[in-house]
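Each chain, letter by letter, is given below.
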Amino acid sequence: MCGIIGYIGDRDASTILVQGLKRLEYRGYDSAGVATFTEGTIPVRRCLGKLENLERLLRDDPIEGKVGIGHTRWATHGRPSEENAHPHRAGKVVVIHNGIIENYLELRAHLGKLGRKFTSETDTEVISHLIEEAVLSGRDIVAATREAIAQLEGSFSIVVMHQDDPETLVAAKSATPIVIGLGEGENFIASDIPAILDHTRRVLFLEDGEMAVVRRDGVTLTTFAGEPVSREPRVVSWDPVTAQKGGYRHFLLKEIHEQPQAIIDTMRGRLLQEEGDVSLDELAGCEWATNAKRITFVACGTAWHACQVGKYFVEQIARIPSDVDYGSEFRYRDPVIEDGTVVVVVSQSGETADTLAAIEAARERGAKVIAICNVVDSSIARRADAVIYTHAGPEISVASTKAFTTQLTVLYLLGLFLARRRGVVDAEAAAPLIADLVNLPSHVEECLRRERAIEKIAKKYGDARGFLYLGRGINYPIALEGALKLKEISYIHAEGYAAGEMKHGPIALITEQVPVVVLLPKDAVYGKSLSNMKEVESRGGRIIAVTDSPSAELEDIAWEIIQVPTTNPCLLPVLLTIPMQLLAYYIAVYRGTDVDQPRNLAKSVTVE
Ligand code: F6R
């Protein structure tokens, strides 16, 4: 996610802004910028890349002033570039923004008709123009901001400056965080506490739908509608490292908890609920995608597990034949690509060498390529014919969590999109499938509420020699993912197996020392899976069952039962994933491993 900082006081603003942005560097960013009030104007300095570049720019071309705003951008709309970096200006208005404006194309078209010219590809720029329009029609900066945000759909936190009002910063929040830091004769605004922790520990958190007018000598809170809000400041005791982790002990746990929001951000603007449809603008005009005769998924690691679930989506929902391969296999096996094959590559980083090479292999053989990626303008995004972005925000912990569940969200959307375009599913049939997706974030929240129970289970089984993970059908890849998460961060050997395969070999492993995690949804093979479990139990295996439907029979044989909410079978893999992540996390914590930086692993595997 992007980083926001604002300052109003008596010290040199650009120094404080850059310092604050440095405290947010851990969040990841691709460009940065600052703006300050200087002698009746607001000069802006922006650049691509690291903050060192911005510091160099400010050394060569300094800006003075005691009031200003700064931003680090993680690209969502428009590639990383100087033009797309924040702050964005429209006339006398300068704005920074975190989040996604869903209706920005509509607003851009409307503003274009008013003669407004745009200099970037961002959704943010429409905000500055909307505010400037309101100012020109006679509003002050506070009223103009209020009027502009009433037109915005999506998630945003913004900070606004106006050239004619150098004593005021206006902040507003909807869905993405804003915190106000209170000082003596100076005040701060930030997207996260670490940015201001060097200066103050007295803070006010804005709630959704609230605005703050921040001046040197005070802060006024109101709702978007202008109702006054009174709130006592809180004093944060976090040290800088805890603050970076949002108070969580590890980035991994923070990212696990960010999943409901990451899923919301990923589906934002892509659901046409009333029409029983989904929209993927990225595939507009791509007839080759909608007419695909086969979809071949290619990825590595966790993203490969997402592809395994994706295969079910395109087969079950869109009825398109599909297969899945590892990037490292696909690139060297001289694959036969038939006419009409579309290759879908999935990658969080967009830089994985094997996946990138697979794109070349696919294109050389005439296939079109869709990339599902989390990093805008990454190498994989650039090489593909079309890109659908997950909006998980930066994933810092090495083990992938929120990237995975947002990949599943996009793959589900892709399945629905193809099914609707091909006439396999009509609006009436699609409506409940879309409604289930809308409910998914709250179901994920419910899974997260099992955290304390899972922590206890982790302590009880944390000394095990190995683990077996079993699942069937669409949930088999989740068993693989559960095993991978455990291996990566706890260093316990774990294997994922298709439950029906257990008797063909792995059953020999079962002892009390090798607990068996079973994914057991109430589906057509529930009875069969229970029989498999009885085989485990009769050999002394300790069963940890994860299910949406506990039953007396299951209670008889399982040592532990973790319940998740019920949803449609295609979305259940997302819910079953959450206990897998929490179990791996708490076992790793119990064993005292380096959770965020597990040994021998890198976040982005850019070599073969
Ligand atoms: C596991 C994990 C890796 C990655 C794999 C692909 O937790 O993170 O298995 O999924 O290295 O990386 P991306 O998705 O960046 O291509």
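Residues numbered from 1 in each chain as written. Predicted model: local features only at pLDDT ≥ 70, side-chain atom pairs only at ≥ 80, totals over all residues. Heavy atoms only, no water.

**Q** Could you clarify how one ought to interpret the overall build of the chain in this entry?
**A** Secondary structure summary: the chain contains 20 helices and 27 strands in total. In terms of C-alpha radius of gyration, the chain reaches 25 Å, essentially the compact-globule figure of 25 Å for 608 residues. A principal-axis box enclosing the C-alpha atoms of the chain has dimensions of 80 × 55 × 45 Å. Across the 608 residues in the chain, those meeting the buried criterion constitute 60%. Taking as baseline every contact in the chain between residues at least 6 positions apart, the subset at least 24 positions apart corresponds to 70%. Surface accessibility of the chain: about 23,000 Å² in total, with carbon and sulfur atoms responsible for 48%. If the 66 positive side-chain charges of the chain are averaged to one point and the 83 negative ones to another, these points end up 3 Å apart. (Helix = DSSP H or I, 4+ residues; strand = E, 2+ residues; numbered from the N terminus. Rg over C-alpha atoms; globule rule 2.2 N^0.38 Å. Buried < 20%, exposed > 50% of the residue type's maximum accessible area, 1.4 Å probe, protein only. Contact = heavy atoms within 4.5 Å. Areas by Shrake-Rupley, 256 points an atom, 1.4 Å probe, with all protein chains shown as cover. Lys, Arg positive; Asp, Glu negative; His and termini not counted. Charge placed at Lys NZ, Arg CZ, Asp CG, Glu CD.)

**Q** How do you make sense of the environment of isoleucine 474 when you look at a structure like this?
**A** If you trace the backbone, isoleucine 474 turns up in the loop between β23 (466–471) and α17 (476–490). Sequence separation between isoleucine 474 and lysine 311 is 163 residues, and the spatial gap between their C-alpha atoms is 8.8 Å.

**Q** It is not clear to me how the domain arrangement of the chain should be interpreted in this structure. Could you clarify?
**A** Interface size, as often reported, equals the accessible area lost upon joining of the parts. Segmenting the chain into domains produces domain 1 (2–241), domain 2 (246–447) and domain 3 (450–598). Each of domain 1 and domain 2 has a C-alpha centre, and these two points are 32 Å apart. Each partner contributes to the interface: domain 1 provides 16 residues, whereas domain 2 provides 16 residues. Of all residues in domain 1, the largest losses of buried area upon contact with domain 2 belong to Tyr26, Trp74 and Glu102, amounting jointly to 37% of the total for that side. At the surface where domain 1 touches domain 2, the tally comes to one salt bridge. A salt bridge links glutamate 102 to arginine 268; the nearest nitrogen and oxygen atoms lie 3.6 Å apart. Considered class by class, the residues forming the side of domain 1 that touches domain 2 number eight nonpolar, five polar and three charged. (Domains from an automatic or database assignment. Buried area = accessible area lost by both parts, 1.4 Å probe. Salt bridge = Lys/Arg side-chain N within 4 Å of Asp/Glu carboxyl O. Nonpolar A, V, L, I, M, F, W, Y, C, P; charged D, E, K, R; others polar.)

**Q** Help me understand the pattern of salt bridges in this model?
**A** Pairing of side chains with opposite charge becomes possible as their charged atoms draw close. In the structure shown here, the tally under the stated rule is 36 salt bridges. With a closest N to O distance of 3.9 Å, arginine 420 and aspartate 277 form a salt bridge. Placement of the pair is arginine 420 in helix α14 (residues 402–421) and aspartate 277 in strand β17 (residues 277–278), with a sequence separation of 143 residues. Measuring nitrogen to oxygen at the nearest pair gives 2.7 Å for the salt bridge that ties arginine 294 to aspartate 323. Pair noted here: arginine 294 is in strand β18 (residues 294–299) and aspartate 323 is in strand β19 (residues 322–326), with a separation of 29 residues, a long-range link. Note on arginine 294: relative accessible area 27%, which makes it partly exposed. By relative accessible area, aspartate 323 is classed as partly exposed at 23%.

**Q** How do you make sense of the sheet that holds strand β22 (residues 386–389) when you look at a structure like this?
**A** Taking strand neighbours across the sheet as the criterion, the five strands line up as β19-β18-β20-β21-β22 in an open arrangement whose pairing is parallel. In this open sheet, the two strands that pair with only one neighbour each are β19 and β22. Sheet twist, expressed as the average angle between the axes of neighbouring strands with direction ignored, equals 20°. The pairing of β18 with β19 spans five bridges and is parallel. Bridge assignment links threonine 296 to a residue of β19, and that residue is aspartate 323. With respect to the sheet, helix α10 (residues 301–317) is in contact with β18, β19 and β20 (341–347), its orientation differing from that of β19 by roughly 175°. (Pairing = 2+ DSSP bridges. Axes fitted to C-alpha atoms, helices over the stretch in contact; angles between N-to-C directions.)

**Q** Even after reading the chapter, I still don't get the state of the cysteines, so can you show me in this structure?
**A** In the structure shown here, the tally under the stated rule is zero disulfides. Here cysteine 2 stays unpaired: no disulfide links it, and the sulfur of cysteine 47, its closest cysteine neighbor, is 15 Å away. In this structure cysteine 307 is a free cysteine whose sulfur lies 9.2 Å from that of cysteine 300, the closest cysteine sulfur available. (Disulfide = S-S within 2.5 Å.)

**Q** I'm lost on the site of the ligand in this one. Help?
**A** Surveying the vicinity of the ligand reveals 13 residues, the closest of which are Ser347, Gln348, Ser349, Thr352 and Glu488. Here an oxygen atom of the ligand and a side-chain polar atom of serine 347 are 2.6 Å apart. In this structure, an oxygen atom belonging to the ligand sits 2.7 Å away from a main-chain N or O atom of glutamine 348. Burial of the ligand by the protein amounts to 89% of the accessible area it has alone, namely 410 Å². (Near = heavy atom within 4 Å. Polar contact = N/O pair within 3.5 Å; in protein donor to acceptor, adjacent residues only side chain to side chain.)

**Q** I keep staring at the layout of surface pockets and nothing clicks. Help me out?
**A** For the largest pocket, the calculated volume is near 930 Å³. In this structure, the largest pocket is lined by 36 residues; those nearest its centre are Arg27, Pro177, Asp192, Lys254 and Glu258. Those elements that place two or more of their residues in the lining of the largest pocket are α6 (240–244), α7 (251–257) and α8 (259–267). Examining the composition of the lining of the largest pocket, we find that four residues originate from one element, α8, more than from any other. Partitioning the lining of the largest pocket into residue classes produces 18 nonpolar, seven polar and eleven charged. (1 Å grid on protein atoms, 1.4 Å probe; cavity = no way out; pocket = protein on both sides within 12 Å on 5 of 7 lines; lining within 4 Å. Points joined across faces, edges and corners; volume = space filled by probe spheres on them.)

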